[in-house]
Amino acid sequence: MTAATLAADPVVSAQRRLLGLHFLVGLGGIAVGLVSGALVALDRSGIALDPARFYQGLTLHGVSLVYVTALGFGGSFLSLSVMSALRCPLASRRLVQGSLAAAGVGAALLVAAVVLDRAAVSVTFSPPLDAGAVFYLGALLMVASVWAASANLIMTVRAWRRDHPRERLPLLAFASLVVLLAWDLATIGIGVELVVFLLPWSLGLTGTVDPLLDRILFWFTAPTHPSFFVLPAAVSWLVLLPHQLAAPRVRSTAVRAVLVAMMVLGVPGGLAAQAADPGVDENLKLLHVAFGLAGLVPLVATGWLVVSSLEERARRAGCVGAVGWLRMLPWRDPSAAAQLLAMTGFAVGSGLALVADSGTLGLLVRGTAYESGLLHLTMGAGLTLTVMGVAYWLVPHLTGHGLWGRRAALVQPWLWLVGSMVLTAGTTGAGLGGQPAGIPLSATAYADEAWQVWGAISAAGGALMGVAGVLFLAVMVGTLRTRTPATVEVPTGPEERSPAWLDRPGAWLVVAVAAAVVAYFPVFVTHNYELDVARFVGL
Ligand code: HEM
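About the thresholds
Numbering of residues starts from 1 in each chain and follows the order in which that chain's sequence is written. Residue-level local features of this predicted model are given only where pLDDT is at least 70; pairs of side-chain atoms are given and counted only at 80 or more, and the full residue set underlies all totals for whole chains, interfaces and linings. Only hydrogens and water are removed before side-chain values are computed, so all heavy atoms of the structure are retained for them. What goes into a patch is any residue over 30% in relative accessible area without a salt bridge, connected to like charges within 9 Å or, for nonpolar side chains (Val, Leu, Ile, Met, Phe, Trp, Tyr), within 5 Å. Calculation of accessible area relied on Shrake-Rupley with a 1.4 Å probe; when residues are assessed, cover is drawn exclusively from the protein chains displayed. By definition, a salt bridge exists where a carboxyl oxygen of Asp or Glu is found within 4 Å of a side-chain nitrogen of Lys or Arg. Starting at the N terminus, helices and strands are each numbered in turn, a helix being any DSSP run of H or I of at least four residues and a strand any DSSP run of E of at least two. Multiply 1.5 Å by the residue count of a helix minus one, and that product is the helix's expected span. Polar contacts here mean pairs of N or O atoms no more than 3.5 Å apart (in protein, one a potential hydrogen donor and the other a potential acceptor; neighbouring residues in sequence count only if both atoms are side-chain atoms). Any nitrogen, oxygen or sulfur atom within 2.8 Å of a metal ion counts as a donor, with the limit raised to 3.2 Å for Na, K and Ca, and since water is left out, coordination shells can look unfinished. Donor angles set the geometry label: tetrahedral for four donors if every angle is between 85 and 135 degrees, square planar for four and octahedral for six if opposite donors exceed 155 degrees and the others are between 65 and 115, irregular for anything else. To sort residues, take the accessible area from a 1.4 Å probe on protein chains only and compare it with the maximum for the residue type: under 20% means buried, over 50% means exposed, and anything in between is partly exposed. In this analysis, rings of Phe, Tyr and Trp, with Trp reduced to its six-membered ring, are considered paired at centre separations within 6.5 Å, and the interplanar angle assigns stacked below 30 degrees, edge-to-face beyond 60, and tilted for intermediate values. As a reminder, the over-ring test applies to NZ of lysine and CZ of arginine, requiring each to be within 6 Å of the ring centre and within 35 degrees of the ring normal. The nearness test applies per residue and asks whether one of its heavy atoms lies within 4 Å of the molecule or strand. Asp, Glu, Lys and Arg are counted as charged, while Ala, Val, Leu, Ile, Met, Phe, Trp, Tyr, Cys and Pro are counted as nonpolar; the rest, among them Gly, fall into the polar class. Note on definitions: a residue-residue contact is assigned when non-hydrogen atoms from the two residues lie within 4.5 Å. Nonpolar cores were defined as sets of buried Ala, Val, Leu, Ile, Met, Phe, Trp, Tyr and Cys residues, with membership established by side-chain atoms within 4.5 Å. The axes used here are C-alpha line fits, helices contributing only the stretch in contact, and every angle between their N-to-C directions lies in the interval 0 to 180 degrees. Relative orientations are named as follows: roughly parallel for angles under 35 degrees, roughly antiparallel for angles over 145 degrees, roughly perpendicular for angles from 65 to 115 degrees, and oblique for any other angle. Crossings are classed by handedness, with left-handed meaning an anticlockwise turn of the near helix from the far one by less than a right angle and right-handed meaning a clockwise turn.

### Side note on a nonpolar patch on the surface
Working step 1: A grouping of V513, V517, F521 and V525 is seen on the molecular surface, where their side chains present a nonpolar patch of about 370 Å² in accessible area.
Working step 2: Structurally, the position occupied by V513 is in helix α17 (residues 505-526).

### Observations concerning helix α16 (residues 449-481)
Quick reminder: α-helices carry 3.6 residues per turn. Residues three or four places apart thus point the same way.
Working step 1: Compared with an ideal rise of 1.5 Å per residue, which puts 33 residues at 48 Å, α16 spans 48 Å between its outermost C-alpha atoms and is within 8% of the ideal.
Working step 2: At the N-terminal end of α16, a side-chain oxygen is found 3.1 Å from the backbone nitrogen of A450, two or three residues along, and the residue is D448.

### Let's talk about the coordination of the iron atom of the ligand
Working step 1: Donor atoms from the polypeptide that coordinate the iron atom of the ligand comprise H61 (NE2) and H376 (NE2), at 1.9 to 2.0 Å from the metal.
Working step 2: Taken together, the 6 donor atoms surrounding the iron atom of the ligand define angles of 87 to 180° at the centre, an arrangement classified as octahedral. You can see H61 sitting in helix α3 (residues 51-86) and its partner H376 sitting in helix α14 (residues 369-399), a full 315 residues away along the chain. Judged on exposure class, the residue H61 and its partner H376 are both buried.

### As for the packing of aromatic side chains
Working step 1: The full count for this structure, using the stated rule, is 18 aromatic pairs.
Working step 2: Seen in terms of ring centroids, F228 and F229 are 4.5 Å apart; in terms of plane orientation they differ by 80°. Their pairing is edge-to-face.
Working step 3: The exposure class of F229 is buried, given its relative accessible area of 11%.
Working step 4: Ring pairs connect the aromatic residues Y67, F125, F135, Y136, F218 and W219, which therefore count as one cluster.
Working step 5: Above the plane of the ring of F174 lies R256, whose end atom (NZ or CZ) is 4.7 Å from the centre.

### Re the site of the ligand
Working step 1: Around the ligand, a shell composed of 24 residues is seen, among which R44, H61, S372, H376 and G438 lie nearest.
Working step 2: One of the side-chain nitrogen or oxygen atoms of R44 is found 2.6 Å away from an oxygen atom of the ligand.
Working step 3: Contact between the ligand and V123: an oxygen atom at 2.9 Å from a main-chain N or O atom of the residue.
Working step 4: Ranked by residue count, the leading element in the shell around the ligand is α14, at 6 residues.
Working step 5: Residues belonging to the shell around the ligand are distributed by class as follows: 12 nonpolar, 11 polar and 1 charged.

### Topic: the environment of R249
Working step 1: Tracing the backbone shows R249 in the loop between α8 (227-244) and α9 (252-266).
Working step 2: A C-alpha to C-alpha distance of 30 Å links R249 and H376, two positions 127 residues apart in sequence.
Working step 3: Not counting residues within four places of it along the chain, the set of residues in contact with R249 comprises H243, P494 and E495.

### Brief notes about the nonpolar core
Working step 1: Core analysis: the biggest nonpolar cluster contains 156 residues, and Y67, F125 and F135 have the highest contact counts within it.
Working step 2: A per-element tally of this core places helix α6 (residues 171-202) first, with 19 residues.
Working step 3: In contact with Y67, other than residues within four places in its own chain, are G62, G72, L110, V123, F125, M142, I190 and F218.

### What about the packing of helix α5 (residues 133-163) against α6?
Working step 1: Where α5 meets α6, the closest approach of the two axes is 9 Å, and the angle between their N-to-C directions is 150°. What the angle tells us is that α5 and α6 run roughly antiparallel. In the packing of α5 onto α6, the handedness of the crossing is left-handed.
Working step 2: When its residues are assigned to classes, the contact of α5 with α6 shows 22 nonpolar, 4 polar and 1 charged.

### Some words on the packing of helix α2 (residues 10-44) against α14
Working step 1: The interhelical angle for the contact between α2 and α14, taken along N-to-C directions, is 145°, at an axis separation of 11 Å. Seen along the crossing, α2 lies across α14 with a hand that is left-handed. Listed contacts from α14 to R16, G20, F23, L27 and I30 of α2 are T384, V387, M388, A391, L394, V395, H397 and L398.

If you want it as structure tokens, here you go:
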């Protein structure tokens, strides 16, 4: 199908509508995250909150931005990408509906559980704190929506291969499938934690939980700081952005190799996040630190590939000098500007993550506000600002409406990046001064005076992000309501033929599973199941 016949196809149109709604669920997570983020930032600005409300706000903030926005964005954006790349509808309409329903209901359950004061457990679930079955079911449904999207992409790619036996999978389809397969593998951890342990426990079917085992399963899913949740953003940076900017394409072979490396090295680094946990073998922690550091290589390669493509674009336009090409970047395109700034924030955040993930050095900052800080650059800027940048072309593409409020859309990414940098400066300073992550400063008896100053800086950064967030939501609402028509295509184009060994996502999944087994088999075999059960039933 051509782009025009694809757009006119009734099956494709119906699926696009459903995927557009799925994308909106993700954007809804940003709205809830902003309101709850404001609550948390109030505490940092010295306005005392009831500690119970603080923890409620912190939980709502974390789960809405991490589970609802990140997973909602990944499920919808990657499915739409495959549809555009293969120029055909997805194999199963039922799975598109199922994925949307799971994301919508899951998000509603998560928000309801926290708002009704049943769950104040932070984004990591923190057992043995009990968040109740509704919360756990909500989280499980969010993960299930990713599994449904992924099953659909597998079926779609298989059908496409049957019809195109001699062709390579187009790069955008390959990249999207690799990311969803990587998510399938990683979410086994959180899936087992919820289905086998937390849900039965919260329903009274089992008497106890094993917090250490649950932490191992959680960090299996979200291993080193930047990787797992940011993968869909990497697809946009590597595959779509160069086309959007009319820059030289990043070579298909290089993009495939980088994404495959992210998948293979994605899971086996979880214990790096547990450097301070007792009861985990120190040698295994070291092995995971090594895997985690190796996982930074494809991230650095991503930055290098994208930046060199952008620099070449500027040089071809006659730009000279070491940094002059930066001025030639398309800062007047809101979608491009948002993503360029997202990558900038992500790069700084990854530098901070390097410290947290590097074993003994990480012990200095693990569990402190430093970790919240770097999260606001890797996920807050890297992922969320990319979601916003993609929304600036995807929402016009899906609705046929022109982007409303262009000026606001141009200012917004700068405000967001500066805000997240200032917020991170505040939380990083507090963390280096020993402030634990996620505590209500106003109600903490042992709070150091210096923490108040860092708290005020965090609150100022949070306020800037809040203004930027409201601008973004206003642009989105305006775009949905405007009557100005526009035709925006998915920014893809022709590519060179890649080698056959980089055309098989399934084969690379097998390698990724093998790497996960090498890293985790000894962890599960040596875990002391007896000890933890005994400790938490009070023996
Ligand atoms: C208006 C924007 C935002 C404000 C005002 C804000 C503010 C805050 C504050 C003050 C904290 C507590 C930090 C500490 O430990 O001292 C926090 C935690 C956190 N924030 Fe944000 N943030 C914003 C945007 C974001 C974004 C876009 C993300 C993207 C994922 C994010 C993810 C998180 C996470 C995961 C936590 C830790 C939650 C937990 O411990 O359960 N935030 N935020």
